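Descriptive structure summary
Listed below, chain by chain, are the residues.
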Amino acid sequence: MTILNNPKKAAILSGIALLIMTFAAMFSYGYAHTQLFSEVISFTTLKNLENTPLLAYEILGWFIIILMDLVVSWGFYTYLKPVHSRLAKLTGILRFIYTGFLFVATLQLLGIHKLVQATVTEEMIPLVSKNLGQFNLIWQIGLILFGFHLIATGLTTFYSKAIPKIYLILLIAAGVGY
């Protein structure tokens, strides 16, 4: 049995990926994004974006999250497949699609980064605002799919003897919350 189809190794690798993802998200969204952007984009915001590498680091963090999400998509599928193959497939596919949404959303931040590499002008404010709005909208739509992923994962745990039933309740509650 290789690492690609070993449920125990998939669970361990997914756990590691989730930890890496947590720290990357704490930095990218919890710190960098809140430092760089506010509700209203101003010329001062653009000048700040132009003069700091923080946006590039935020984007790098998002790409690390995306990579780790792909690992978790595979890992959840591999771990849950022996429990209930159809629900495991649904869980993996939903997480994979969510990751696609996150990738497209992150491209919007990359667009902002490219814009502010040029000489910043007042005319860029609507473009940056539009890209930031698209990032938020695309990611929020993706989070709805992520909620369905959590619900499907919770339902899959119902069929497992190894996973405590409290996770069924917690995952479904978290999924509904998304």
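Reference entry: report on the structure contained in this document. Positions within a chain are numbered from 1, following the residues in the order the chain's sequence is written. Local features in this predicted model are restricted to residues of pLDDT 70 or higher, and side-chain atom pairs are both shown and tallied only at a pLDDT of 80 or more, whereas totals for entire chains, interfaces and linings draw on every residue. Water and hydrogen atoms play no part in the side-chain values, which are based on all heavy atoms of the structure.

**Quick word on the overall build of the protein**
A run of H or I in DSSP becomes a helix once it reaches four residues, and a run of E becomes a strand once it reaches two; helices and strands are each numbered from the N terminus. If you tally the helices and strands in the protein, you get six helices and zero strands. Listing each helix as α and each strand as β along the protein from the N terminus yields α-α-α-α-α-α. In terms of overall dimensions, the protein has a C-alpha envelope of 60 × 30 × 20 Å along the principal axes. By the convention used here, residues are in contact when the closest approach between their heavy atoms is within 4.5 Å. Long-range pairs, those at least 24 residues apart, make up 74% of the contacts in the protein with a sequence separation of at least 6. In short, Shrake-Rupley with a 1.4 Å probe defines the accessible areas, and a residue's cover is counted only from the protein chains shown. When the accessible surface of the protein is split by element, carbon and sulfur atoms take 71% of a total near 9,800 Å².

**Structural notes on the packing of aromatic side chains**
Whether two aromatic rings pair depends on their centres lying within 6.5 Å, for rings of Phe, Tyr and Trp, where Trp uses its six-membered ring; planes under 30 degrees apart make the pair stacked, over 60 edge-to-face, and the rest tilted. Inspection of every chain in the model, using the stated rule, returns ten aromatic pairs. Look at tryptophan 62 and phenylalanine 135: their rings are 5.5 Å apart centre to centre, the planes differ by 65°, and that puts the pair in the edge-to-face class. Of this pair, tryptophan 62 sits in helix α3 (residues 54-80) while phenylalanine 135 sits in helix α5 (residues 125-157); the two residues are 73 residues apart in sequence, bridging distant segments of the chain. In this structure, tryptophan 62 and phenylalanine 135 share a single accessibility class: buried. Measuring from ring centre to ring centre gives 5.7 Å for phenylalanine 135 and tryptophan 139, while their planes differ by 35°; the resulting arrangement is tilted. With phenylalanine 135 and tryptophan 139 both in helix α5 and four residues apart, this pair spans about one turn of that helix. Assigned by exposure class, phenylalanine 135 and tryptophan 139 land together as buried. An aromatic cluster is present here, built from Tyr29, Trp62, Phe135 and Trp139 joined pairwise through their rings. In this arrangement the basic side chain of arginine 95 is found over the ring face of phenylalanine 76, its NZ or CZ atom lying 5.7 Å from the centre. Over the aromatic face of phenylalanine 158 sits the side chain of lysine 165, whose NZ or CZ is 6.0 Å from the ring centroid. We call a residue buried when its accessible area falls under 20% of the maximum for its residue type, exposed when it is over 50%, and partly exposed in between, using a 1.4 Å probe and counting protein chains only. Only when the NZ atom of a Lys or the CZ atom of an Arg is both within 6 Å of the ring centre and within 35 degrees of the ring normal do we say a charge sits over the ring.

**What about a nonpolar patch on the surface?**
Patch membership is restricted to residues that have no salt bridge and whose relative accessible area is over 30%. Joining uses 9 Å for like charges and 5 Å for the nonpolar side chains Val, Leu, Ile, Met, Phe, Trp and Tyr. Think of a salt bridge as a Lys or Arg side-chain nitrogen and an Asp or Glu carboxyl oxygen that are within 4 Å of each other. Together, Ile12, Leu13, Ile16, Ile20, Leu60 and Ile64 line one region of the surface with nonpolar side chains, adding up to about 480 Å² of accessible area. Those elements giving two or more residues to the nonpolar patch turn out to be α1 (7-36) and α3. Along the chain, isoleucine 20 falls in helix α1. Among the residues examined, isoleucine 20 registers a relative accessible area of 37% and is labelled partly exposed.

**Structural notes on the packing of α1 against α3**
At their nearest, the axes of α1 and α3 sit 7 Å apart, and the two run at 155° to each other. Relative to α3, the element α1 lies roughly antiparallel. Regarding α1 and α3, the two cross each other, and that crossing is left-handed. Residue classes follow a fixed rule: Ala, Val, Leu, Ile, Met, Phe, Trp, Tyr, Cys and Pro count as nonpolar, while Asp, Glu, Lys and Arg count as charged, and any other residue, Gly among them, counts as polar. Each residue belonging to the contact of α1 with α3 can be placed in one class, and the counts come to 27 nonpolar, seven polar and two charged. Angular values range over 0 to 180 degrees, each being the angle between N-to-C directions of two axes fitted as lines to C-alpha atoms, with helices fitted over their stretch in contact. Oblique is the label for any angle not covered by the other classes, which are roughly parallel (under 35 degrees), roughly antiparallel (over 145) and roughly perpendicular (65 to 115). The handedness criterion is simple: a crossing whose near helix is rotated anticlockwise from the far helix by less than a right angle is left-handed, and one whose near helix is rotated clockwise is right-handed.

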